[in-house]
Amino acid sequence: MAEDNQADSSASFRVIGTRPIRHDGIDKVTGRAKYGADYSFPGMLHGKVLRSPHAHARIKSINTAKAASLPGVAAVITGADLPTIASRTENLGEGVVNSRYISLNVLARDKVLYDGHAIAAVAASNIHIADEALKLIEVDYEVLPSAMTVDAAMKPAAPIILEELRNKEEGPDKETNVANHIRFTRGELAEGFATADFVVEQAFTTAMVHQGYIEPHNAVGIYSNNGFATIYCSTQGTFAVRSLTSQVLQIPEGQIKVVPAEIGGGFGGKLGIYLEPLAVLLSKKTGRPVKMVMTRAEVLRATGPTSGSKIRCKMGATRDGKLVAAEIWMAYEAGAFPGSPVGAGAMTIIASYQIPNFVIDAYDVIVNRPKTAAYRAPGASNAAFASETVIDALAGLCRIDPIDFRIMNAVREGSAQSAGPPFKRIGYFETLEAIKNSAHNKSKLEGLFRGRGVASGFWFNAGLQSSAVVNLHVDGTASVMTGSVDIGGSRASMAIITAEVLGIDVTTVRPLVGDTDSIGHTDVTGGSRTTLASGQAVYEAAHDVLRQLKERAARLWEKKPDEIKFADGVFSSADEKISPLSVKQLCRQLAKTGGPVTGKATINARNAAPAFACTMVDVEVDPDTGKVRVLRCTIAQDAGRAIHPSYVEGQMQGGTAQGIGWALNEEYVYDRDGRLRNTGLLDYRMPTCLDLPLIETVIVEVPNPAHPLGIRGVGEVSIVPPPAAVANAIYNAIGVRMTELPMSPPRLLKAILKRRHAEAEMTNAAAD
Amino acid sequence: MAVIRDVMPSFDLLQPNSADEARNILAQRGSDAWVLAGGLDSFDWLKDRIKRPKVVVDLSGVDELRGIRVKSDGVEIGAMTTLTEVAQNPVIRENYGVLADAASMVASPQIRNQGTIGGNLSQDTRCWYYRAGWPCYRAGGNICYADTPEGRNREHAILGADRCVAVNPSDTAPAFIVLDAKFVIRSRKDERVIDAEDYFIGPDVDITRLHVLQPGELFTAVRIPFTWASSRFYFEKIRDRNVWDFPLLNVASAMFVSNGRIDRVRIAVNAAAARPLRLKSVERAVRGMPPDAATGEMAGKRAVQGAVPLQFNAYKIPLMRNLVKRAIGGVEEAKWA
């Protein structure tokens, strides 16, 4: 049973591990599924947001009178309409958020802090009038100097972005842009490096990138006269939207209902709120439903991105390939408010290796860019780009195969984490072995300017709270409701787990996603937690149903419940005179044995287990142009247990695709004065199918011993290795070590020429 | 900052059925009229409200502007012929491979199905300041935002800049130049036929336009003589991704080789300047030389003489040098490892 939390190591499953068609698939491919922007209500108004054209400016005044008097405009709101709230932090599953900063981000008050920062919102009878009204809002700015990079923001005389910000180190009197400094240490650094035969030190820069979900942010707010608000939106967490909106608007949580729309991608970027409180407030002011949908330019300017970063990474190894010391300095752009994922970056950067001596210094730095949001294993890809590149260089100096070098130093069960308790059962070694034994690794790579690289990734995965209800129907079919929004195929997984426990056909299980009034609290779909935590709640709820069915059978047959056997969907008894009953047959007897049966379970999962991935990439580099072609790519990842293998593979491929985009093309391009230049998907270059090879997947299953089904969580770690793997492959191809992302043709060509120039100078010097 | 509204503004939409009708409309409406071909350049301008024409003349119903016709002295391509049709046409593939290659590398399959040859040649620059509606030189102002210390100019010009540093983004333009194509331009009264390379102009001639088309004129067809048919062609486009993106730089060449020597040659690059550049000095320098690596190196060096990088586009100089090197000397295995 579930309560003892022991993995079912017999692992003989009937439905788990099969690949049924996803239950929500037909509605999605035929256009019937309702996404956020599809919701409309009678009398509905349309809202738009006025955004700052400046990276950093004081708002001297805002005059909305002209906009408000435009025919068709129903309401105009500014930051003055929002309550002022004190700092309060909350963990959403992918990092801590502070509701005060969320409020300041939802609508700016006395200052705008980035290009795109929301200043005011308008509700009008149609979107065009709302657009026209925005132009009539007069804002008087005093433009301030901006700090766009961590280097600029950390300078002694840097412009101060948030006057109220302090950090513990610098004390209560010092204005600063450094929100936090985290340090992790172990052993003695100097002694460690003294034992090293090889030391590699490199400085890395990574660009700010966006999650790139295709569906823009959206919300419909409906405020009723009785003080209750309903929000329809696409989000990764209905309860997070409820909680944050409650805090920003100071409406009790119980008076807000959030209904999840289908979601067209989130990747961490839809954990928070942007439009939701505005739609509710505009609805409150107008008495009508208000719908707001962002444009792509708004999405890029004002939502999502994850941090650009600077990382200096120095590592030492002995001649025989043992890592002995690491010294790391890392600073991440938080955007305009604290909360970059640098902490997770610091905790993951060398977490995969047993290193006896290290110092990691990590800085969370605010800059005049959009407030960063979580992005798939937040902070870990930046970090791994640095550490996995340095490890590749050390393996080369030691003349050890890069996979073997990683195997030699890999953490295993009982190894200390760089920050945290020792690892329990983990699958890093098995993941490396899987890549080593892959067809890809065994293939020979031939041809000029071609190279192969590997890199690994580590991610914690999250547990958190979930609720599930299984509802047995009279015909023996079932529905299963959770509070987890389905981003990556979780409906299919919930149906599979229900069908597995109840012994019924998976196609007869209807998986549902409840709104905040219909299901118990459920944390976000994030942190790779959904199949682990909501899946466990479903598993327990289905067992609750099973327990009740055994009681019904016992009552029917006048036996004790523990005399009832259940196997393959059939209830039976040792008494041979009693003919067995299927679930379906027993369901017909429910009315006369006590009424309907529903099962429920709620959990706060504490059994999350880390995920590891290793990715191998072959590239071809054109040294005349700097163009990189990814020829082949294989990822091995420990899933713990693959409930629906196709969706596990989908997660592995999706994260890899995003990682390759991050590696090669994606970047936020700001003017020197802080205006975002590439606000569309032509210039913000996400990879297309023509930029990617088939991404081959190897699912490794080292079951999570603390989970009844052995699940670990698969959603995130796949994005961690690609930047380093591609960089290592480029080095292997042409001997140029790339330390800057993205590795686009102009950048790579520059690096190639620099290297040639240095070589030419060395040759000339030798000739002299 | 352009506010992308994702909806059309209002304008008078006129949909002529014939080229004559189109020319009459254009003659009457003059500079109020905006000619709509495939719409791929136009719709951005219109939706973004950066260009506000009163009248849009949609050519999609003018059948006589479509199609590829083989004539006694060459091939004529109607201006409204799609890029896909050009890329897949057997006569063009057979005789003018450089054009088929160039057309097949424009944007994406969907865009090539919709985009036309006339549109590809007449599209405006991609400079993101200009397209965002900033009041720059090209928009009638007196500053170039891309060429300021604050500006971002990775995709801008290394040659021929004059106040404005925008570049022409067409992939097919250099191919037409090396094929010595003629562009047919008609107004209500006249027809003029101009050399491909003379169709395009830099900011020194007119800072507000990339080509010579005047209000009231209609680009009706491209005529390609057989002069360069089946010569040795080269086309290469370098872009960030393998689809959608405009060129960081492209190169087209055509040459006849006899007795191992370059006999006749034409070479052009685009996205280096506000107009596609025919590299006449390179053509002169390589004539009589073997089309080998050494000649390629020399050609590449000569091609970038006088190039002036901006803050973020210095890579374009070695890129152009290397593309010209390959176009003349062929892609050989470089001595780099």
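As the structure is a prediction and not an experimental result, all values here were calculated from the model.

**Regarding the overall build of chain B**
If you tally the helices and strands in chain B, you get 13 helices and 12 strands. Across its three principal directions, the C-alpha atoms of chain B cover 60 × 55 × 35 Å. The proportion of buried residues among the 337 residues of chain B is 58%. Of the contacts formed within chain B by residues at least 6 apart in sequence, a portion of 65% connects residues at least 24 apart. As displayed, chain B offers around 13,400 Å² of accessible surface, 47% of which is attributable to carbon and sulfur atoms. Counting 45 positive and 40 negative side-chain charges, chain B places the averaged centre of each group 2 Å from the other.

**Here we look at the packing of aromatic side chains**
What describes a pair of aromatic rings is the distance from one ring centre to the other and the angle between the planes of the rings. All chains considered together, the criterion is met by 27 aromatic pairs over all chains. Taken together, a centroid distance of 6.3 Å and an interplanar angle of 20° make the contact between B:Tyr129 and B:Tyr145 stacked. Of this pair, B:Tyr129 sits in helix H8 (residues 128-131) while B:Tyr145 sits in the loop between H8 and helix H9 (172-178), placing them 16 residues apart in sequence. Judged by relative accessible area, which is 1%, B:Tyr129 ranks as buried. Ring pairs connect the aromatic residues A:Tyr353, A:Phe423, A:Tyr428, A:Phe458, A:Trp459, A:Phe460 and A:Phe612, which therefore count as one cluster. A cation sits over an aromatic face here: A:Arg677 above B:Tyr129, 4.3 Å from the ring centre. Above the plane of the ring of B:Phe312 lies B:Arg152, whose end atom (NZ or CZ) is 4.3 Å from the centre.

**A look at the pattern of salt bridges**
Under the defined criterion, the tally for this structure stands at 74 salt bridges over all chains. For the salt bridge of A:Asp24 with A:Arg22, the shortest nitrogen-to-oxygen distance reads 3.3 Å. Assigned by exposure class, A:Asp24 and A:Arg22 land together as buried. The partner of B:Glu197 in a salt bridge is B:Arg266, with the nearest N and O atoms 3.9 Å apart. Placement of the pair is B:Glu197 in helix H10 (residues 196-199) and B:Arg266 in strand S11 (residues 261-270), with a sequence separation of 69 residues. Accessibility assignment for this pair places B:Glu197 and B:Arg266 in one class, buried. Each of B:Asp180, B:Lys182, B:Asp195, B:Glu197, B:Arg266, B:Arg278, B:Lys280 and B:Glu283 takes part in one network of salt bridges that share partners.

**As for the nonpolar core**
Residues and elements named next belong to chain A. Within the largest apolar cluster, 110 residues are counted, with the highest numbers of intra-cluster contacts made by Met 315, Met 330, Val 619 and Ile 730. Sorting elements by how many residues they give to this core places helix H11 (residues 380-397) first, with 10 residues. Ranked by size, the runner-up nonpolar core spans 45 residues in total, among them Ala 478, Ile 497, Leu 532 and Ala 537.

**What to know about the domain arrangement of chain A**
Residues and elements named next belong to chain A. Each domain of chain A was delimited in the assignment, giving domain 1 (2-33 + 463-605), domain 2 (40-146 + 212-302) and domain 3 (379-461 + 609-755). A C-alpha centroid distance of 36 Å is found between domain 2 and domain 3. Each side of the interface is counted separately: domain 2 has 14 residues, and domain 3 has 15 residues. Roughly 1,100 Å² of surface becomes buried between domain 2 and domain 3 when both sides are summed, with 54% attributable to carbon and sulfur atoms. Run the count over domain 2 and domain 3 and you get zero salt bridges. Inspection of the region where domain 2 meets domain 3 yields three residue pairs in polar contact (both at pLDDT 80 or more). Here the residues of the side of domain 2 that touches domain 3 sort into seven nonpolar, three polar and four charged.

The rules behind these values
- Residues numbered from 1 in each chain as written.
- Chains lettered and ligands numbered in written order.
- Predicted model: local features only at pLDDT ≥ 70, side-chain atom pairs only at ≥ 80, totals over all residues.
- Heavy atoms only, no water.
- Helix = DSSP H or I, 4+ residues; strand = E, 2+ residues; numbered from the N terminus.
- Buried < 20%, exposed > 50% of the residue type's maximum accessible area, 1.4 Å probe, protein only.
- Contact = heavy atoms within 4.5 Å.
- Areas by Shrake-Rupley, 256 points an atom, 1.4 Å probe, with all protein chains shown as cover.
- Lys, Arg positive; Asp, Glu negative; His and termini not counted.
- Charge placed at Lys NZ, Arg CZ, Asp CG, Glu CD.
- Phe/Tyr/Trp six-rings, centres within 6.5 Å; stacked < 30°, edge-to-face > 60°.
- Lys NZ or Arg CZ within 6 Å of the ring centre and 35° of its normal.
- Salt bridge = Lys/Arg side-chain N within 4 Å of Asp/Glu carboxyl O.
- Core = buried A, V, L, I, M, F, W, Y, C linked by side-chain atoms within 4.5 Å.
- Domains from an automatic or database assignment.
- Buried area = accessible area lost by both parts, 1.4 Å probe.
- Polar contact = N/O pair within 3.5 Å; in protein donor to acceptor, adjacent residues only side chain to side chain.
- Nonpolar A, V, L, I, M, F, W, Y, C, P; charged D, E, K, R; others polar.

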